[in-house]
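Results of the structural survey
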Amino acid sequence: MTPFLLPNHSRIAKNAMSLQERFDMAAQIPELYFNFYGRIAWRFEPFQVCADNLRRGFETGLSTGDNDMGLQCAIHAIKTAVFSGASLKSTLKEIDYYLHLLKTFKSAKFYTNILIYRETVSVLIDKGDATSIPEKAVFGDLDDPGNKLRDGFFCHRAIRAYWSGYTERCNHYSEKYMSISWPEARFMKLQMQFYHGLNSLDILKKKLRGFNSVKCKEALRTSISVMKSAAAHSDWNYSNKLCLLVAEQQSLSCDHLNAIKFYDASIESARKSGFIHEQGLACEKAGFYYKRYGAVHKALDYFKQARECYEEWGSSMKVDFIQNELNNVQILLHNELAR
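This report concerns the structure included in the present document. (Residues numbered from 1 in each chain as written. Predicted model: local features only at pLDDT ≥ 70, side-chain atom pairs only at ≥ 80, totals over all residues. Heavy atoms only, no water.)

1. Brief notes about the overall build of the protein chain
Across its full length, the protein chain holds 15 helices and zero strands. In terms of C-alpha radius of gyration, the protein chain reaches 21 Å, essentially the compact-globule figure of 20 Å for 339 residues. Along the longest, intermediate and shortest principal axes, the C-alpha atoms of the protein chain span 75 × 45 × 35 Å. In the protein chain, which comprises 339 residues, the share counted as buried stands at 53%. At a minimum sequence separation of 6, the contacts of the protein chain that also span at least 24 residues come to 63%. Of the accessible surface of the protein chain, which amounts to about 15,900 Å², a share of 52% is contributed by carbon and sulfur atoms. Positive and negative side-chain charges in the protein chain, numbering 44 and 37 respectively, have mean positions lying 4 Å apart. (Helix = DSSP H or I, 4+ residues; strand = E, 2+ residues; numbered from the N terminus. Rg over C-alpha atoms; globule rule 2.2 N^0.38 Å. Buried < 20%, exposed > 50% of the residue type's maximum accessible area, 1.4 Å probe, protein only. Contact = heavy atoms within 4.5 Å. Areas by Shrake-Rupley, 256 points an atom, 1.4 Å probe, with all protein chains shown as cover. Lys, Arg positive; Asp, Glu negative; His and termini not counted. Charge placed at Lys NZ, Arg CZ, Asp CG, Glu CD.)

2. With respect to the packing of helix H13 (residues 276-292) against helix H14 (residues 296-313)
Where H13 contacts H14, the two axes come as close as 8 Å, and the packing angle between them is 160 degrees. Between H13 and H14, the interaxial angle falls into the category roughly antiparallel. As H13 packs across H14, the resulting crossing turns out to be left-handed. Across from Ile-276, His-277, Gln-279, Gly-280, Leu-281, Cys-283, Glu-284, Ala-286, Gly-287, Phe-288, Tyr-290 and Lys-291 in H13, the residues of H14 making contact are Lys-298, Ala-299, Tyr-302, Phe-303, Gln-305, Ala-306, Cys-309, Tyr-310, Glu-312 and Trp-313. Grouping the amino acids of the contact of H13 with H14 by side-chain chemistry returns 13 nonpolar, five polar and four charged. (Axes fitted to C-alpha atoms, helices over the stretch in contact; angles between N-to-C directions. Parallel < 35°, antiparallel > 145°, perpendicular 65-115°, else oblique. Left-handed = near helix turned anticlockwise from the far one by under 90°. Nonpolar A, V, L, I, M, F, W, Y, C, P; charged D, E, K, R; others polar.)

3. A word on the packing of aromatic side chains
Taken as a whole and judged by the stated rule, the model has 28 aromatic pairs. Ring centres of Phe-47 and Phe-187 lie 5.5 Å apart, and the angle between their planes is 65 degrees; on these two criteria the pair is classed as edge-to-face. With Phe-47 in helix H3 (residues 47-64) and Phe-187 in helix H9 (residues 186-206), this residue pair connects regions lying 140 residues apart in the sequence. Exposure class is identical for Phe-47 and Phe-187. Each is buried. Aromatic ring contacts, followed pair by pair, group Trp-42, Phe-47, Phe-83, Phe-187, Tyr-238 and Phe-275 into a single cluster. One cation-aromatic arrangement involves Lys-241 over Phe-194; the distance from NZ or CZ to the ring centre is 6.0 Å. (Phe/Tyr/Trp six-rings, centres within 6.5 Å; stacked < 30°, edge-to-face > 60°. Lys NZ or Arg CZ within 6 Å of the ring centre and 35° of its normal.)

4. Some points on the pattern of salt bridges
Side chains that carry opposite charge are capable of pairing whenever their charged atoms lie near each other. Enumeration over the complete set of coordinates arrives at 16 salt bridges. A salt bridge links Lys-205 to Asp-202; its shortest N-O distance comes to 3.7 Å. Taken together, the positions of Lys-205 and Asp-202, both in helix H9 and three residues apart, correspond to about one turn of that helix. The exposure class assigned to Lys-205 is partly exposed, which follows from its relative accessible area of 25%. On the basis of relative accessible area, Asp-202 is assigned to the buried category, the value being 9%. We note a salt bridge from Asp-202 to Lys-285, for which the minimum N-O separation is 3.1 Å. Placement of Asp-202 in helix H9 and of Lys-285 in helix H13 is noted, with a sequence separation of 83 residues between them. Both residues of the pair, Asp-202 and Lys-285, count as buried. (Salt bridge = Lys/Arg side-chain N within 4 Å of Asp/Glu carboxyl O.)

5. What about unusual backbone geometry?
Located in the positive-phi region is Lys-106, a residue other than glycine, with phi close to 55 degrees. Its location among the elements puts Lys-106 in the loop between helix H5 (88-104) and helix H6 (111-126). Assessed through its relative accessible area of 80%, Lys-106 is described here as exposed. Of note in this structure, Lys-127 is not a glycine but carries a positive phi near 65 degrees.

6. Observations concerning helix H12 (residues 256-273)
The terminal C-alpha atoms of H12, which comprises 18 residues, lie 26 Å apart, in line with the 26 Å expected from a rise of 1.5 Å per residue. Taken as a whole, H12 has its buried residues at Ala-259, Ile-260, Tyr-263, Ser-266, Ile-267, Ser-269, Ala-270 and Ser-273. The secondary structure elements touched by the buried residues of H12 are H3, helix H11 (235-252), H13 and H14. A positive phi of about 80 degrees marks Gly-274, the residue just after H12. (Expected span 1.5 Å × (residues − 1).)

7. Some words on the environment of Arg-160
Looking at where Arg-160 falls in the secondary structure, it is placed in helix H7 (residues 150-164). Separated by 41 residues in sequence, Arg-160 and Glu-119 have C-alpha atoms that sit 9.3 Å apart. If sequence neighbours within four positions are ignored, Arg-160 has contacts with Ile-116, Glu-119, Thr-120 and Val-123. Within the local environment of Arg-160, its side chain forms a polar contact with the side chain of Thr-120, the two groups lying 2.9 Å apart. (Polar contact = N/O pair within 3.5 Å; in protein donor to acceptor, adjacent residues only side chain to side chain.)

See below:
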């Protein structure tokens, strides 16, 4: 993992950005915003700030005739919006707008890059049941190391698999993605490190056959180390992720007090940062933890919180999944009262 920018480097970058606000540099805004908010700022600025400014870069690009740079800003705006837990339905509309513009411009450039996000968002909403479209992203030869679309294929397949609950599939694609070392993929590599760590924990908890537990534990340690480094530079973006990984690690070690402490810390951190999807995920994980130990009232409370978060996020797929767990917990409660 490439080291994060040192604090003085981030100050230099911010000072450089402030110069464009003092002078009339509209023509330079798309490229400036793409390079700063798309490639650098996610290390220390809130994802939401990055997404908003990348949209500004897109709009300025179109108004100044720099369509290519504007659309590159759009791709990065979508990316940071998805990982910030922005409304999935709003994000889908935004993506469809960009795809419509590309058709209007009769440009195939960037089409696949944007379409793959549409497919992912569609899966997160309802598994694509009502939100998918006939067009599918084309990736070319996935065995070709020079194919720069294959990293997107592996990454998005892993993300979809994780949120859909397909642990083995997620591991397959995340391992393929983590083996790619392109500098352009630093943002996505960091986000995938989080999911790879959580998925490795799921493998360990489920005791799935055919998986090397030593390798899974090493993946977890790496994920925690990477998130710790990331959180040191951006508490806003990464502390909730670090806390959730630690909570899951402690739950696996049967350290009840620390597990609960870190689940609650992750939930609160995600709430403060506006990461509604990861707030829901932390509530979901806490709910399963309490359910495993027979604390059904606590499990019910956390699952209800998770459902509320997923409803706000706009994922009917996750709402349905949590509702099923709520139904199961209600049955356990009923049986408990009937004794």
